[in-house]
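Single-letter residue listing:
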Amino acid sequence: MTHLQQLFINNIRYYRNKAGYSQLAFSEKIGLSPNYLNAVENGKNFPSPEVLQRMIDVLGILPYELFLEQPTLCQKDSPKVETIQLLTELRQQMLDNFDTILKKCF
C-alpha cells in the first residue's frame, strides 16, 4: 500500500467519524455497499472519481482534505478558498501601493 493510499484511508475514516457516520450509514449516503466501503477503508479497493465526489459531497469537505498529512489542521473555521483569494488580492494591492510610494520617493 502506498503512502497516498494510507493517507486517504486514514482521512476517510477521520472525516466519516467526525461527521458521525458509521460505515453502514456512510455507505448508504454515498450509494455503496457496506462491504465495498469496508474494502476501501481497508485498502483493498480504491474508489472511482465519481465515488470520491460523492464522499466529499456527503462529508462536506474539499477534495484535497482526503490527502492531508494532518487532517485536524483543516477545520471548518479555517479560511476557505474565497477568503484566501481575497487576501491575495489585498496583498497585491498593498504591494502595488507600496511600489508607487517608493517610486515617488526615489
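Presented here is an overview of the structure given in this document. (Residues numbered from 1 in each chain as written. Predicted model: local features only at pLDDT ≥ 70, side-chain atom pairs only at ≥ 80, totals over all residues. Heavy atoms only, no water.)

Considering helix H4 (residues 49-59)
Within the span of H4, buried status applies to Val51, Leu52, Met55, Ile56 and Leu59. When H4 is viewed along its axis, its buried side chains cluster within an angular range of 135° and face the same direction. Projecting away from the buried face of H4 at angles above 90 degrees are the exposed residues Glu50 and Asp57. Tucked inside the fold, the buried residues of H4 contact helix H1 (3-18), helix H2 (23-30) and helix H3 (34-41). Positive backbone phi, at 70°, marks glycine 60, one or two positions downstream of H4. (Buried < 20%, exposed > 50% of the residue type's maximum accessible area, 1.4 Å probe, protein only. Helix = DSSP H or I, 4+ residues; strand = E, 2+ residues; numbered from the N terminus. Arc of directions from axis to C-beta. Contact = heavy atoms within 4.5 Å.)

Section: the nonpolar core
Among the nonpolar cores identified, the biggest contains 17 residues, and Phe8, Ile12, Phe26, Met55, Leu59 and Leu66 are the most heavily contacted of them. Contributing elements (two or more residues each) for this core: H1, H2, H3 and H4. The biggest single contributor to this core is H4, with five residues. (Core = buried A, V, L, I, M, F, W, Y, C linked by side-chain atoms within 4.5 Å.)

A word on the side chain of asparagine 11
Tracing the backbone through its elements, the reader meets asparagine 11 in helix H1. Of note is the side chain of asparagine 11, whose polar atom sits 3.0 Å from the backbone oxygen of leucine 66. (Polar contact = N/O pair within 3.5 Å; in protein donor to acceptor, adjacent residues only side chain to side chain.)

Topic: the pattern of salt bridges
Inspection of every chain in the model, using the stated rule, returns two salt bridges. Two residues, glutamate 41 and arginine 13, come together in a salt bridge whose shortest N-O distance is 3.6 Å. Of this pair, glutamate 41 sits in helix H3 while arginine 13 sits in helix H1, and the two are 28 residues apart along the sequence. The partly exposed category is assigned to arginine 13, whose relative accessible area is 28%. Close ionic contact of arginine 16 with glutamate 41 constitutes a salt bridge, the shortest N to O distance being 2.7 Å. Here arginine 16, found in helix H1, pairs with glutamate 41, found in helix H3; they are 25 residues apart in sequence, far enough to count as distant. Given a relative accessible area of 1%, glutamate 41 falls into the buried group. Three or more residues are tied together by salt bridges with common partners; here these are Arg13, Arg16 and Glu41. (Salt bridge = Lys/Arg side-chain N within 4 Å of Asp/Glu carboxyl O.)

Thoughts on empty space enclosed by the protein
Tallying each qualifying case throughout the model produces one cavity of 30 Å³ or more. By volume, the largest cavity amounts to about 40 Å³. In terms of lining residues, the largest cavity is bounded by Gln5, Phe8, Ile9, Val40, Gly43, Asn45 and Phe46. Looking at side-chain class alone, the lining of the largest cavity contains four nonpolar, three polar and no charged residues. (1 Å grid on protein atoms, 1.4 Å probe; cavity = no way out; pocket = protein on both sides within 12 Å on 5 of 7 lines; lining within 4 Å. Points joined across faces, edges and corners; volume = space filled by probe spheres on them. Nonpolar A, V, L, I, M, F, W, Y, C, P; charged D, E, K, R; others polar.)

Comments concerning a nonpolar patch on the surface
On the surface, Leu86, Leu87 and Leu90 cluster together into a nonpolar patch covering about 280 Å² of accessible area. Along the polypeptide, leucine 87 turns up in helix H5 (residues 81-105). (Patch = residues over 30% accessible without salt bridge, like charges linked within 9 Å, V, L, I, M, F, W, Y side chains within 5 Å. Areas by Shrake-Rupley, 256 points an atom, 1.4 Å probe, with all protein chains shown as cover.)

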